[in-house]
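One-letter residues, chain by chain:
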Amino acid sequence: MGASVPDHFEDMWRAIEPLGRAERSGGYFRQPFASAERELDAWFVEQATARGLRLEADAFGNRVAWWDSGSGPGVLTGSHLDSVLDGGAYDGPLGVVSALAAVELLRDRGFRPARPVGVSVFVEEEGSRFGLACLGSRLATGALTWDKARGLRDRDGVRLDEAMASAGLDDENPQPWLGSERLACFVELHVEQGRDLVDRGEAIGVASRIWPHGRYRFDISGEPNHAGTTRMEDRRDPMLTYAMTALAANKQARVAGQRATFGRVDATPNSTNSVPSSVTAWMDARCETDEALASMVDAVVRQAEDRAARDGTRLTVTAESVSGAVDFDPSLAQRIAADHETGDWPILPTQAGHDAGILSAQGILSAMLFVRNPSGISHSPAEHAEMPDCLAGVDALAETLQRLSS
Ligand code: GLV
Ligand code: MN
Ligand code: MN
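What counts as what
- Residues numbered from 1 in each chain as written.
- Chains lettered and ligands numbered in written order.
- Predicted model: local features only at pLDDT ≥ 70, side-chain atom pairs only at ≥ 80, totals over all residues.
- Heavy atoms only, no water.
- Donors = N, O, S within 2.8 Å, 3.2 Å for Na, K, Ca; no water.
- Buried < 20%, exposed > 50% of the residue type's maximum accessible area, 1.4 Å probe, protein only.
- Pairing = 2+ DSSP bridges.
- Helix = DSSP H or I, 4+ residues; strand = E, 2+ residues; numbered from the N terminus.
- Axes fitted to C-alpha atoms, helices over the stretch in contact; angles between N-to-C directions.
- Contact = heavy atoms within 4.5 Å.
- 1 Å grid on protein atoms, 1.4 Å probe; cavity = no way out; pocket = protein on both sides within 12 Å on 5 of 7 lines; lining within 4 Å.
- Points joined across faces, edges and corners; volume = space filled by probe spheres on them.
- Nonpolar A, V, L, I, M, F, W, Y, C, P; charged D, E, K, R; others polar.
- Domains from an automatic or database assignment.
- Buried area = accessible area lost by both parts, 1.4 Å probe.
- Salt bridge = Lys/Arg side-chain N within 4 Å of Asp/Glu carboxyl O.

At this site the manganese ion (ligand 2) is bound by D91 (OD), E126 (OE), E126 (OE) and H379 (NE2), with donor distances of 2.0 to 2.7 Å. Spacing between the donor residues of the manganese ion (ligand 2) along their common chain follows D-x34-E-x252-H. Classification of H379 by relative accessible area gives partly exposed; the value is 39%.

Here you go:
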């Protein structure tokens, strides 16, 4: 990275654009504690330092860059720099780059906040490496204990504490530190991950709530055997149980107007001419209410069990990462959304999970701003936001920070 100090949104955006980008798909692989994400972490430190912000790093890999001003609990903004596998450029980094740019804008305007304003980066928001979404913010707030987290393993069997140690994070007994006594509120700006804003013809929105959602691991074991010589009626095929379960999940979600996805599957030994010995597959499920989520997951599990009985396979289901419904504080959302020159910003729900949801559930007053995504596509190399909308997002965030820190 060059020695120059990029000040403006577009310069920062260009500087991070190549980091972790796959040549073939154009998507991003920015997994926590691995090289591209560490480069982004170093970039953040460089930007914060160049701006004279005071850096705080916790023992979990999260960072906050503080604009020390005024007194009392701070106003925090920011997001994450990691991505899903082959993800988009905007999910996470848009919130971090916009936060740095918004702080700069307020300083250029001569604004002096009455309380500190911090820019945060939470680690492993996507759970793409260790399976648990919003890992950094859960650990920082105490929503998850270090004892439960430290043994999580990635796909190569590397433990979380080992991966952290390789990034220089080797505190034996890291403690949560983030709570409402330190923060007046948290505002996360994020690219919209659906088509609500584009359909309304609006560039900026405010979050009302996050749908409850969870990840469920289905471990199915059967009998490994020859693909040619084993009669169809003699098989105990876990792939079949998995396939029927994926269809059942899709049907349950469509019938109930909710969401269910099998996006990850491991077959062992993954051999073309063998009946597999086992299949592990992960269901991502999201519903409007906690009750609807529990009942949809129950229905899928029951159908999977019935199918396993017919297939002669064995099934166990483990909930790996479940987040309840989050209703953001309506008066804070209203305070952010109302009275703008161009009219009020719409207030809308999201089906995607966010660190803001974790902080909110831990009693920290939280809110979110969304920036229009012209296609609604996300968690994909095609994820996009137009530059004028990104800059409108910076303005909106600056205005919001000014309202909340005056
Ligand atoms: C995070 O983006 C999620 O909703 O999975
Ligand atoms: Mn995401
Ligand atoms: Mn995100």
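All right, on to the sheet that holds strand β11 (residues 278–286) then. As summarised here, the arrangement of the four strands in space is β9-β11-β7-β12, forming an open sheet in which the pairing is antiparallel. Across the chains shown, the open sheet's two edge strands, defined by having one partner strand only, are β9 (259–268) and β12 (314–323). With direction set aside, neighbouring strand axes in the sheet form an average angle of 15 degrees. Two strands pair when backbone bridges link them, and β9 and β11 are joined in this way by nine bridges, in the antiparallel orientation. The residue of β11 that forms the bridge with T261 is D284. This element, helix α8 (residues 238–256), spans β7 (213–221), β9 and β11 of the sheet and lies at about 170 degrees to β9.

Before going further, it helps to examine empty space enclosed by the protein. Under the criterion given, the structure shown has one cavity of 30 Å³ or more. Elements with a contribution of two residues or more to the lining of the largest cavity: α2 (35–50) and β4 (117–122). Top contributing element to the lining of the largest cavity by residue count: α2, with four residues. Here the lining of the largest cavity is composed, by residue class, of five nonpolar, one polar and four charged.

Moving on to the domain arrangement of the chain. One widely used convention gives an interface's size as the accessible area the parts lose upon coming together. Once the domains are mapped, the chain shows domain 1 (9–211 + 325–405) and domain 2 (213–323). Averaged C-alpha coordinates put domain 1 and domain 2 at centres separated by 33 Å. Interface area for domain 1 against domain 2, summed over the two sides, is near 1,200 Å², with a carbon-plus-sulfur share of 39%. In this assembly, domain 1 and domain 2 are joined by zero salt bridges.

Another point: the layout of surface pockets. Its volume calculated, the second largest pocket comes out at about 250 Å³. For the second largest pocket, the lining is made up of 13 residues, of which I204, H340, T342, W345 and E399 are closest to its centre. Ranked by residue count, the leading element in the lining of the second largest pocket is helix α12 (residues 387–405), at four residues. In the lining of the second largest pocket, the residues fall into five nonpolar, three polar and five charged.

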